[in-house]
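Structural description and commentary
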Amino acid sequence: MKKNNPFTLTFGKQPNEYISRYENTDMILSTFEADNPISQAYLIEGIRGSGKTVLMTSITNELGKDKDWIVIDLNSTQDLINDCAMRLIDSCKKIPDFFKQGFNISIASFGIGVNGNDTPQDNVSIIDNMLSSLKKHNKKVIITIDEVMHDDNMRHFASQFQIFVRKDYPVFLLMTGLYENIYAIQNDPALTFLLRTPKITLEPLSLHQITKQYADIFQIDEDDAKNLARITKGYAFAFQALGLLYYEYRDEMELREILLKLDDMLDDFVYKKIWSSLSKQDRAVILAIKKDETKVSEICKKVGMTSAVFSRYRDRLIKRGIIISSGHGYISLLLPRFGIVAKTYE
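Just so we're clear, the structure is a prediction, and the values are computed from it rather than from any experiment. Per chain, residue numbering runs from 1 following the sequence as it is written. Local features in this predicted model are restricted to residues whose pLDDT is 70 or higher, and side-chain atom pairs enter the listing and the counts only when it is 80 or higher, whereas totals over whole chains, interfaces and linings include all residues. Side-chain measures here rest on the full set of heavy atoms in the structure, leaving out hydrogens and waters.

Now for the overall build of the protein. Along the protein, the regular secondary structure elements total 15 helices and ten strands. Seen along its three principal axes, the alpha-carbon backbone of the protein occupies a region of about 70 × 50 × 35 Å. Looking at the protein as a whole, 50% of its 346 residues are labelled buried. We call two residues contacting when some pair of their heavy atoms lies within 4.5 Å. Of all intrachain contacts in the protein linking residues separated by at least 6 positions in sequence, the fraction that spans at least 24 positions is 70%. Surface summary for the protein: the accessible area is close to 17,500 Å², and the carbon and sulfur share equals 48%. Neither His nor the chain ends contribute to the count of charged residues, in which Lys and Arg are positive and Asp and Glu negative. Lysine's charge is taken at NZ, arginine's at CZ, aspartate's at CG and glutamate's at CD. With 44 positive and 45 negative side-chain charges, the protein shows a separation of 4 Å between the mean positions of the two kinds. Strands are runs of DSSP state E lasting at least two residues, helices are runs of H or I lasting at least four, and both sets are numbered from the N terminus onward. Summary of the burial criterion: residues with accessible area below 20% of their type's maximum are buried, those above 50% are exposed, and those between are partly exposed, where the area comes from a 1.4 Å probe applied to protein chains only. Note on areas: these come from Shrake-Rupley sampling with a 1.4 Å probe, and a residue is covered only by the protein chains present in the view.

Along helix H6 (residues 179-186), the positions that sit buried rather than exposed are Tyr179, Asn181, Ile182, Ile185 and Gln186. Within H6, the buried residues cover an arc of 170 degrees as seen down the axis, which keeps them to one side. Residues of H6 that are buried in the fold lie against strand S1 (41-45), helix H5 (152-166), strand S6 (171-177), helix H7 (192-195), strand S7 (199-201) and helix H14 (307-319). Each C-beta atom gives one direction from the helix axis, and the arc is the one those directions make.

On to unusual backbone geometry, then. Glycine aside, negative phi is the norm for most residues, and most peptide bonds take the trans geometry. The backbone of glutamate 147 shows a phi angle near 55 degrees, a positive value even though the residue is not glycine. Counting through the fold element by element, glutamate 147 comes out in the loop between strand S5 (140-145) and H5. For arginine 337, which is not glycine, the phi dihedral falls at a positive 60 degrees. With respect to the helices and strands, arginine 337 occurs in the loop between strand S10 (330-333) and helix H15 (338-342).

Turning to the pattern of salt bridges, a few remarks are in order. For salt bridges, the criterion is a side-chain nitrogen of Lys or Arg within 4 Å of an Asp or Glu carboxyl oxygen. Inspection of every chain in the model, using the stated rule, returns 16 salt bridges. Where lysine 52 meets glutamate 147, a salt bridge forms, and the shortest distance between an N and an O atom there is 3.2 Å. Taken together, the positions of lysine 52 in helix H2 (residues 52-64) and glutamate 147 in the loop between S5 and H5 put the pair 95 residues apart, joining distant regions of the chain. Note that aspartate 90 and lysine 93 form a salt bridge whose closest N and O atoms lie 3.9 Å from each other.

Pairing between strand S8 (residues 294-295) and S10: two bridges, direction antiparallel. From the neighbouring strand, threonine 294 faces S10, where its bridge partner is isoleucine 331. Two strands pair when backbone bridges link them, and strand S9 (residues 323-327) and S10 are joined in this way by four bridges, in the antiparallel orientation. Residue pairing in the sheet places glycine 327 in a bridge with tyrosine 330 of S10. At least two DSSP bridges between two strands are needed for those strands to be called paired. Here S9 folds back onto S10 in antiparallel fashion, the turn holding two residues, of which glycine 329 has a positive phi close to 85 degrees.

It is worth spelling out the nonpolar core at this point. Throughout, nonpolar core names a set of buried Ala, Val, Leu, Ile, Met, Phe, Trp, Tyr and Cys residues whose side chains join them through atoms within 4.5 Å. Judged by nonpolar contacts, the single largest core of 58 residues is most densely connected at Tyr235 and Ile322. If one sorts the elements of this core by residue count, helix H10 (residues 236-249) sits on top with eleven residues. Among all residues touching tyrosine 235, those that are not within four sequence positions of it are Ile47, Arg48, Gly49, Ser50, Leu266, Val270, Tyr271, Ile274, Leu335 and Pro336. Counting residues in hydrophobic clusters, the runner-up holds 38 residues, among them Cys84, Met130, Phe164 and Phe193.

For the rest of this paragraph, the subject is the sheet that holds S8. Spatial ordering of the open sheet is given by S8-S10-S9, a layout of three strands whose pairing is antiparallel. The open sheet has two edge strands with one neighbour each: S8 and S9.

Another aspect to go through is the sheet that holds S5. Taken together, the five strands give an open sheet; going across it, the order is S2-S5-S6-S1-S7, and neighbouring strands pair in parallel fashion. With partners counted over all chains shown, the strands left at the sheet margins are strand S2 (69-74) and S7, one partner each. Each adjacent strand pair in this sheet contributes to an overall mean axis angle of 15 degrees, direction not counted. In this structure, S1 lies alongside S7, joined through three bridges in parallel fashion. The partner of glutamate 45 across the bridge, within S7, is threonine 201. Orientation is described by lines fitted to C-alpha atoms, with helices fitted over the stretch in contact, and by angles between N-to-C directions that extend from 0 to 180 degrees.

Okay, the packing of helix H9 (residues 222-232) against H10 next. It is the contact of H9 with H10, at a shortest axis distance of 9 Å, that shows an interaxial angle of 135 degrees. Accordingly, the angle class assigned to the pair H9 and H10 is oblique. Every pair of crossing elements has a handedness; the one defined by H9 and H10 is right-handed. Taken together, the residues of H10 that come into contact with H9 (itself represented by Leu228, Ile231 and Thr232) are Ala238, Phe239, Leu242 and Tyr246. By definition in this entry, angles of less than 35 degrees are roughly parallel, angles greater than 145 are roughly antiparallel, angles of 65 to 115 are roughly perpendicular, and the rest are oblique. In this scheme the crossing of two helices becomes right-handed for a clockwise turn of the near helix relative to the far one and left-handed for an anticlockwise turn of less than a right angle.

What follows concerns the state of the cysteines. A pair of cysteine sulfur atoms is labelled a disulfide when the two atoms are within 2.5 Å. Per the stated rule, a full pass over the model turns up zero disulfides. Take cysteine 84: it sits in no disulfide, and the sulfur closest to it among the cysteines is that of cysteine 92, at 10 Å. Residue classification places cysteine 92 among the buried positions, given a relative accessible area of 0%.

Shown next as structure tokens:
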């Protein structure tokens, strides 16, 4: 690869060439920074490669610039309560004199003594006491969980987080996840507060902004940049992948050859995983979409579905960010070149 390529395929890392989602970012920041926030949690939903983690990272980077905010990044595959307690301790060690006022760290037994009491506490008590003290220090905590799963681990953590909110602790939660996982979490009867939690469903990136960035980086005219932008369909991963390939090969390859490499990249990094998560009927619907706008009646005829049955699959694929209703009686694939790549899976 050429040096100084401004694009990246690293998931979650904020790229050098980053198209900011200003509205989403401002909405979350203004909510969390308000004197009386309307919510202390936000959910970011989107398909793989849509930029969920990058948006979350950009928000925590902004909050991290403020000395009054502590950023705690949790791993969804670990015990979330335990992970939170450990990371909170590590972060608070960086606050001058924090542990000199009533706290005594017990490393060997992984506990914290309070007011001279050396008896180790459980992780919930550790977090509770630290949040109470952080509130007195006018500090706020933002906890992030990337790609949340609907399991007992998440259920336990979310229930405990709700208790911390009820105690009026300055703690905030930002989570990302796929549609099916966010849906399951929000509809868990034990987690009713998450049903009321604001949710952001990521839309495609602005083609106008992609066009501007491509034109500036590649020093090409607006029409050529617009053509490249349209190929990406605003899909965040495709914006990075096509940019990376065009930067690397534009002087030695035709665009059609670059697009073949793009198909391989989309397949390896994203589409294969998306395809494996689809049902047999979901796949049949996708393969029946032959052009940018395909009549619903044609798809129903090809896959042998009534319109009533088809509507269930259509609604689910729309919510998952795979297709879009492109007009009355028509649907289109929302993911760039997905139909081309999906044919190889038949």
